[in-house]
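Summary of structural features
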Amino acid sequence: PDANVRFHAVEALGRIRSRAAALPVAAVAETRDFAVAFAALDTLALIGEPSVAPRLLPLLDDELLQSAAAEALGRLGGEDAVAPLAALLDREGAPVAAVAGALTTLSDRLDGAGGDEGRVAGLARAVMTDRGARNLVAAMSDASEAELAGLVVVLGWLPFDGVEHALAAALPRAGVRRTAADILARRGAKAVEPLLAALAADDHEVRKAAAATLGRIGAPLALPALVGLLDDS
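Within every chain, residues take consecutive numbers counted from 1 along the sequence as written. Selection of residues for local features in this predicted model requires a pLDDT of at least 70, selection of side-chain atom pairs for listing and counting requires 80 or more, and totals for whole chains, interfaces and linings are taken over all residues. Computation of side-chain values: all heavy atoms of the structure, hydrogens and water removed.

**Section: the nonpolar core**
In this text, buried Ala, Val, Leu, Ile, Met, Phe, Trp, Tyr and Cys residues form a nonpolar core when linked through side-chain atoms within 4.5 Å. Residue exposure (1.4 Å probe, protein chains only): buried if accessible area is under 20% of the type maximum, exposed if over 50%, otherwise partly exposed. Counting 76 residues, the largest nonpolar core has Leu41, Leu44, Leu85, Leu103, Leu136 and Leu151 as its most contacted members. Apart from residues no more than four positions distant in its own chain, Leu136 is found in contact with Leu89, Val96, Ala100, Met128, Leu151, Val154, Leu155 and Leu158. Contacts were defined at the residue level, with two residues in contact if any of their heavy atoms lie within 4.5 Å.

Next comes the structure, spelled out in structure tokens:
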């Protein structure tokens with residue numbers, strides 16, 4: 001009956017990682033008891049028993065538990081978790097970085113190196129709107145390096161206007177520069193304009209990344225700007 005004891009018991013089950021504990025811990029999460037539900041979701045992610053994932057989907061409607069539920073679903077969920085997670089990105093006040101991280105974790109688990117052509121990406125595209133894309137872009141300014149990686153990947157799945165400029169704006173962040181450049185290269189001609197702008201960046205690593213990406217795209221419009229950079233350091 002003691003909430004503090006319940007909390008430590010749930011944490012201990014996470015360290016043990018016994019799948020026999022998954023169902024009772026899921027029941028604890030479903031209580032939505034603030035004192036123990038977070039620990040229960042973290043423990044479920046550590047245990048890694050996928051059969052409990054459907055029981056966590058309703059927790060995405062709980063504003064206090066959304067972030068932890070999303071992270072657990074990224075580790076445990078299947079394709080049925082993609083649409084509810086992606087739809088959450090359209091909501092005001094949603095934990096955007098956590099949801100993007102969960103979607104990229106799902107993509108890595110289910111599709112491997114599927115990139116923007118994987119099944120998870122396709123399912124997310126089918127339900128997301130330009131509002132979700134705007135929320136992803138807005139979350140980038142305050143994101144940590146680890147969070148930014150998920151935001152960049154999910155943005156790269158989307159066809160909406162402005163995505164290429166947002167991806168190019170991530171090039172100064174060293175931790176995601178290669179990922180952003182790879183995604184921009186796949187987007188082809190639509191990425192040329194923001195990449196040309198990036199050629200004028202103060203950071204020479206950004207200029208190098210932009211130049212290399214324009215070369216991968218093979219954009220004739222970039223030729224004068226690239227020739228002009230032959231005098232660059």
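**Describing the environment of Ala3**
Here a strand is any run of E in DSSP of at least two residues, a helix any run of H or I of at least four, and the numbering for each starts at the N terminus. Note on placement: Ala3 falls in helix 1 (residues 3-16). On the basis of relative accessibility, which here comes to 29%, the residue Ala3 falls in the partly exposed class. Here the alpha-carbon distance between Ala3 and Asp33, two residues 30 residues apart in the chain, equals 9.4 Å. Each residue touching Ala3, except ones within four places of it in the same chain, is listed here: Ala35 and Val36.

**Quick look at the pattern of salt bridges**
Whenever Lys or Arg places a side-chain nitrogen within 4 Å of a carboxyl oxygen from Asp or Glu, that contact is recorded as a salt bridge. Counted according to the given criterion, the structure contains 14 salt bridges. With a closest N to O distance of 3.4 Å, Glu79 and Arg119 form a salt bridge. Taken together, the residues span a long stretch of sequence, with Glu79 in the loop between helix 5 (66-76) and helix 6 (82-88) and Arg119 in helix 8 (residues 119-127) at a distance of 40 residues. Between Arg177 and Asp203 there is a salt bridge; the shortest N-O distance is 3.9 Å. In this pair, Arg177 is assigned in helix 12 (residues 177-187) and Asp203 in the loop between helix 13 (192-198) and helix 14 (204-217), connecting sequence segments 26 residues apart.

**Details of helix 12**
Looking only at helix 12, the buried set comprises Arg177, Ala180, Ala181, Ile183, Leu184, Ala185 and Arg187. Looking at the buried residues of helix 12, the elements they touch are helix 10 (145-155), helix 11 (163-169), helix 13 and helix 14. Once helix 12 ends, the next one or two residues include Gly188, with phi positive near 65°.

**Quick look at helix 9 (residues 130-140)**
Considered for burial, the residues of helix 9 that qualify are Gly132, Ala133, Asn135, Leu136, Ala139 and Met140. Summarising the axial view, the buried residues of helix 9 lie within an arc of 160°, below the 170-degree limit, and thus occupy one face. On the buried face of helix 9, the contacting elements are helix 7 (96-111), helix 10 and helix 11. Taken from the helix axis, the directions to the C-beta atoms give the arc we talk about.

**Looking at unusual backbone geometry**
One non-glycine residue, Arg17, adopts positive backbone phi at about 60°. Relative to the helices and strands, Arg17 is located in the loop between helix 1 and helix 2 (22-30). The backbone of Arg32 shows a phi angle near 60°, a positive value even though the residue is not glycine. One can find Arg32 in the loop between helix 2 and helix 3 (34-47).

**A few points about the packing of helix 3 against helix 5**
Every axis corresponds to a line fitted to the C-alpha atoms, with the helix fit spanning only the stretch in contact, and the corresponding angles, defined between N-to-C directions, vary from 0 to 180 degrees. Interhelical geometry of helix 3 versus helix 5 gives an angle of 15° and a closest axis separation of 8 Å. In terms of orientation, helix 3 and helix 5 fall into the roughly parallel class. Helix 3 and helix 5 meet at a crossing whose hand is left-handed. Counted together, Phe38, Leu41, Leu44, Ala45 and Leu46 of helix 3 and Ala68, Ala69, Ala72, Arg75 and Leu76 of helix 5 form the full contact between these two elements. All residues other than Ala, Val, Leu, Ile, Met, Phe, Trp, Tyr, Cys, Pro, Asp, Glu, Lys and Arg, Gly among them, are scored as polar; the first ten of these are nonpolar and the last four charged. Of the residues assigned to the contact of helix 3 with helix 5, the class counts are nine nonpolar, no polar and one charged. Comment on the angle field: the value is read as roughly parallel under 35 degrees, roughly antiparallel over 145, roughly perpendicular from 65 to 115, and oblique elsewhere. What makes a crossing left-handed is the near helix being turned counterclockwise from the far one by less than a right angle; a clockwise turn instead makes it right-handed.

**Description of the side chain of Ser107**
Along the chain, the position of Ser107 falls in helix 7. Since its relative accessible area comes to 5%, Ser107 is described here as buried.

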